[in-house]
Amino acid sequence: MLIPSIHSRASLLRPALCCAIFLTVSAMAQDAPRTRYNFNPAWLVAVGDAPGAEQAGFDDHAWKHVSTPYAWNEDSAFKVSIHDLPTGVAWYRKHFSLPANAAGQKVFLEFEGIRQGADIYLNGKLIGRHEDGVSAFGIDLGSALQPGENVLAVKTDNRWDYREQATNTPYQWNDKNFYANYGGIGKNVWLHVLPRVYQTLPLYSSLGTTGVYIYASDFDIPHRTARITVESEVKNETGAAQTIDLGVRLLDAEGKPAGEFKSAQSVTLAAGEKRVVKASAVVNDLHLWSWGYGYLYNVVSTVSSNGKPLDTLTTRTGFRQTAFRNGMIYLNGRVLQVHGYAQRTTNEWPAVGLSVPPWMSDLSNRLMVESNGNVVRWMHVTPWKQDVESSDRVGLIESMPAGDSEGDPSGRRWTQRVELMRDSIVYNRNNPSILFYESGNKGVSEEHMLDMKKVRDEFDPHGGRASGSREMLASKTAEYGGEMLYINKSTTKPVWAHEYNRDEGARKFWDDDTAPFHKDSPSYNRNQDSAALEDVRRWDEYYAARPGTGTRVSSGGVNIVFADSNTHYRGDNNYRRSGEVDAMRIPKEGFYAHQVIWNGWVDIEHPGIHIVGHWNYADKVTKPVYVVATAARVELKLDGRSLGFATPVDDFIFVFNKVTYHAGKLEAIGYGADGKVLASTSIETAGAPTALRLTPHVGPAGLRADGADMAAVDVEVVDAQGRRCPTALNMIRFTLDGAAEWRGGIAQGSSVPVPLNPSNGPNPTPLLHEDNYILAKTLPVEGGVNRVLLRALPSAGAIHLKAEADGLQPATIELASKPVAVEGGLSRDFPAADQPLNLERGPTPPTPSYTAHRVALPIVAVKAGANNETAIFSLDDNETTEWTSAIPNAPKDNKFGLFNAWIEYTLASPSTPTQVDLKLANFRVRRYPLKITLDGKTVWEGLTPSNLGYCTLPLKPATGTHLKIELTGAPIEGSETPALVEVSGKVDQAAGKTSKPVLSIVEAEIYTGK
């Protein structure tokens, strides 16, 4: 019950139903001869160099038949560490024939991306090269085409040390820690047949064109109106001047007309000229795109001459208003605090890598929204177009990087990053889900930040997107920032944590009382109980600094990662397990904790409650029960009998110590301060395992026989009543027959025999050799459930899957893949067009998203016992500066240090402050003995807690003007808070040491209210 399959909690995987219209390519062709083809079917692949493979007549009959997107090294995804993913040369070849309507037309290929470098040949002629390993690019096939069959050959090279051929410069983001290396053509490929007067493709570096740019302005949110502008770059390749107009039609999500307008005047294009043509009008009754409300329009732009359509293009986009000011993020006029995930851009799956069908992208990305996440910070490189469009549909805000590992390079490595940002902006600027352009995974110089802003201002000046970077706290150029792991506040640009919890926890390990027992390492490697609770504890500090808590606020943060990742790791496995879902997107306990604590734009808007863990233990086990809830108090009941009440710890955690297990129903009830029931939930004991259950999941149009589509199949161990058995670890044997390829699943450990290590004496232990059961047809369930993938073959037919386990009733399912028409290597099938929009959360609410809980008291003067000239640094809204009482070359006298370790703030008028917020130097590992007085009266005294940035000290009631903070003893290094462990293994804590008697304050704030 606690980690449901799609069968038991369908909303986690099945998109909300809604009406939508998707214009087909054939429909567009009725207006004008512009046609897009799916170029993914019928490729041939060979790994290793193949001299002569660029030639049309090369013998490729023995090569492997695949459909793109396809990474040639996909078998190694999650089987080996990122560092050991296979690299080198692989060739892709495709035989295709153009349709009759292509005669005399422009023909372009669009690759959504290739890893890392690629040389492209058509009929033996080199027609293009692409090397950045991230961005989309296009090729004008031009004179290299021939009548009848054509042969396209692509030589790919994904070596980690690949260098740009023209400059011999490596790409910074081609990094063994951060960017999992799935080689070859791992993204979609499209073929465009365009008229000679056409709206260009948004492929800047390769084609020198910018495509269509659509944006909204002049919003009237209450009346749902805005000015919609379409700027379309049109090129004339007819050989003669052409006088054209631009007409625009808007179709809403139900396909109904939503607006129509045209350019103000005709434009004459000379032969060979390209120019941006503009049309604009105010549109009424708009549905604005929002978090969890992926409302999209089809914008149909038509270039005409004397009333005759020359070219018609349909662009899918949405409209929303943004602002970034006062330290806050505004979406459609409502303040939003960031709570979401930092996810590796590869967003990979076991034995597949990133190359999944669109419905699986929507499955993964919508789960982030289902957990009440509102932002995904894609990490290090630009996400591929499929994930960007998926985020549009599911209503998930995106932060889009260009390319980076870490650091601020110079020379050609920097200009590579700027060029990638430019190309990514041009390609993705019509996608409403992107709100942030990330210039670096680590801070960049002001000069470099300005470079990135110039790119944004040139190519997306009206898109409502902030340009910034991680860190950048003191930057005057960046429009947002925020550290990794720590809390920042601001009154100007929004700051949000770019990673706030990196702890790992495998889904297999429940708690300290459930086999297989896993010793919890609180530094990073946890079980599910511990990992979920740490998520809540960490988030609580950001929630405490949210908008409404003063003038300087935190705009939240993102948890790293959402789904377990085949990138760098710190646990006892070869992949990162810090996801809130596992690599197959089965939720962990942290997923449900986030549903509870993130249930609002800023303040909690919908009460929630979740019992952490399961209720299947050995008799008489006595253990703590943890409940995550948004309530004033929680009651725990077992079979209707009250076990008592608990009040919150860290605002959301309710602990019931020493609960003795017996089989039955465990219920948690959350009450408000007024005693009314806010929310309730329950879990119950499952019976003995009796059977297996298989539950298949496919895209909304069924399983396509295109060689790329997939089915995900849940396997569960269930009791006689059909309830999942949460502690089951049975080995499952699968048998697959029919029109599908086995891609399997993942589990902790090894699927191959492991030799014993005789060096360990009389009780030898297995050698460490884990492949995580990748591609194995025998693998275990974990927590009573697992999931496997089947890839459809290019030929349609029946598919039979059987699951067996010792002592359990087996299960079988039958699927049928649907034929997909392919002619001459081209298809008119577009799987993404079947994906419905997620409109479940509804439009942006018109009400405020927070209530002001406290108000900052104005400070008119500050003085200090030492370094008085820098005392103002403790108030300057710049967390890169601080005031310190340390005096250079001072005598090593403890009393002398304490004598000067004070600072005093003068309030604008006599006031009754209730709280002081302090960001103290070395806040994570240092605790300060302090005394706070107000006009000489002690209002707080004690040892400050360790924290992620800011500690809040409650003050005794008193009224006055002068608030003094003084150190009363030497600070203490180390705390009860677990240390942070870096990837290198470095620990940030030196417990038990005593510091010099120095008081250092980064920022101080004085409040009234709570």
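Residues numbered from 1 in each chain as written. Predicted model: local features only at pLDDT ≥ 70, side-chain atom pairs only at ≥ 80, totals over all residues. Heavy atoms only, no water.

A word on the overall build of the protein. For the protein, the count of helices and strands is nine helices and 64 strands. Taken against the 2.2 N^0.38 rule, which gives 30 Å for 1010 residues, the C-alpha radius of gyration of the protein at 30 Å falls within 12% of a compact globule. The dimensions of the protein, computed from C-alpha atoms along their principal axes, are 90 × 75 × 55 Å. Sequence separation of 24 or more characterises 73% of the internal contacts of the protein that already satisfy a separation of 6 or more. Carbon and sulfur atoms make up 51% of the accessible area of the protein, which totals about 35,700 Å². Distance from the positive charge centre (102 side chains) to the negative charge centre (114 side chains) of the protein: 2 Å. (Helix = DSSP H or I, 4+ residues; strand = E, 2+ residues; numbered from the N terminus. Rg over C-alpha atoms; globule rule 2.2 N^0.38 Å. Contact = heavy atoms within 4.5 Å. Areas by Shrake-Rupley, 256 points an atom, 1.4 Å probe, with all protein chains shown as cover. Lys, Arg positive; Asp, Glu negative; His and termini not counted. Charge placed at Lys NZ, Arg CZ, Asp CG, Glu CD.)

Where the residue is not glycine, phi is negative for most of them; where a peptide bond is considered, it is trans in most cases. Omega for the bond connecting alanine 515 with proline 516 falls within 30 degrees of zero, at 0 degrees, which places this linkage in the cis form. Structurally, the position occupied by proline 516 is in the loop between β30 (504-505) and β31 (525-526). The backbone phi angle of asparagine 922 is positive, close to 55 degrees, even though this residue is not glycine. Mapped onto the secondary structure, asparagine 922 falls in the loop between β57 (915-920) and β58 (926-927). For asparagine 922, a relative accessible area of 41% puts it in the partly exposed group. (Buried < 20%, exposed > 50% of the residue type's maximum accessible area, 1.4 Å probe, protein only.)

One pass over the full model with this rule turns up 34 aromatic pairs. Seen from their ring centres, tyrosine 341 and tryptophan 598 are 5.3 Å apart, and the 65 degrees between their planes marks the pair as edge-to-face. Taken together, the residues tyrosine 341 in strand β25 (residues 338-344) and tryptophan 598 in the loop between α8 (589-597) and β33 (609-611) connect sequence positions 257 residues apart. Since its relative accessible area comes to 0%, tyrosine 341 is described here as buried. Both rings, one in tyrosine 480 and one in tryptophan 496, keep their centres 5.7 Å apart while their planes meet at 5 degrees; by these two values the pair is stacked. Remark: tryptophan 496 occurs in the loop between β29 (466-468) and β30 and tyrosine 480 occurs in the loop between β29 and β30; sequence separation between them is 16 residues. Residue tyrosine 480 shares its accessibility class with tryptophan 496, and that shared class is buried. What links up through ring pairs into an aromatic cluster is the set Tyr341, Tyr500, Trp539, Tyr542, Phe562 and Trp598. Just above the ring of phenylalanine 39 sits the side chain of lysine 94; from NZ or CZ to the centre is 4.6 Å. (Phe/Tyr/Trp six-rings, centres within 6.5 Å; stacked < 30°, edge-to-face > 60°. Lys NZ or Arg CZ within 6 Å of the ring centre and 35° of its normal.)

Take the nonpolar core next. Counting 88 residues, the largest nonpolar core has Ile228, Ile244, Phe261 and Phe319 as the members making the most contacts within it. Apart from the residues within four sequence positions on either side, phenylalanine 319 is in contact with Ile214, Ala216, Ile228, Leu250, Leu286, His287, Leu288, Trp289, Tyr297 and Val299. (Core = buried A, V, L, I, M, F, W, Y, C linked by side-chain atoms within 4.5 Å.)

Here we come to the sheet that holds β33. What the three strands build is an open sheet, ordered β33-β34-β37; its pairing is antiparallel. Edge positions in the sheet fall to β33 and β37 (653-660), since each of these pairs with one other strand and no more. Looking at each pair of strands side by side, their axes are set apart by 20 degrees on average, direction ignored. Examined bridge by bridge, strand β34 (residues 622-629) and β37 share six bridges and lie antiparallel to one another. Following the sheet pairing, tyrosine 626 is matched in β37 by valine 655. The sheet contacts of helix α7 (residues 528-544) involve β34 and β37, and relative to β34 the element is tilted by about 40 degrees. Of the strands in this sheet, β33 and β34 are in contact with α8, which crosses β33 at around 155 degrees. (Pairing = 2+ DSSP bridges. Axes fitted to C-alpha atoms, helices over the stretch in contact; angles between N-to-C directions.)

On to helix α5 (residues 411-428). End to end, α5 covers 26 Å across 18 residues, agreeing with the expected 26 Å (1.5 Å per residue, within 8%). When you tally the buried positions in α5, you get 13 out of 18 residues, the bulk of the element. (Expected span 1.5 Å × (residues − 1).)

So, on to the sheet that holds strand β60 (residues 937-943). With antiparallel pairing, five strands are arranged side by side in an open sheet as β54-β56-β62-β59-β60. The sheet terminates laterally at β54 (859-864) and β60, the two strands that pair on one side only. Adjacent strand axes in the sheet meet at a mean angle of 15 degrees when their direction is disregarded. In this structure, β54 lies alongside strand β56 (residues 902-911), joined through five bridges in antiparallel fashion. Pairing of isoleucine 859 across the sheet is with leucine 907, part of β56.

Looking now at the side chain of glutamate 635. You can see glutamate 635 is positioned in strand β35 (residues 633-638). At 4.4 Å, lysine 637 is the nearest oppositely charged side chain to glutamate 635, a buried residue that forms no salt bridge. Among the polar contacts made by the side chain of glutamate 635, one reaches the side chain of serine 642 at a distance of 2.8 Å. A distance of 2.7 Å separates the side chain of glutamate 635 from the side chain of tyrosine 671, its partner in a polar contact. (Salt bridge = Lys/Arg side-chain N within 4 Å of Asp/Glu carboxyl O. Polar contact = N/O pair within 3.5 Å; in protein donor to acceptor, adjacent residues only side chain to side chain.)

Honestly, that's just the spatial picture; any functional story needs more than this.
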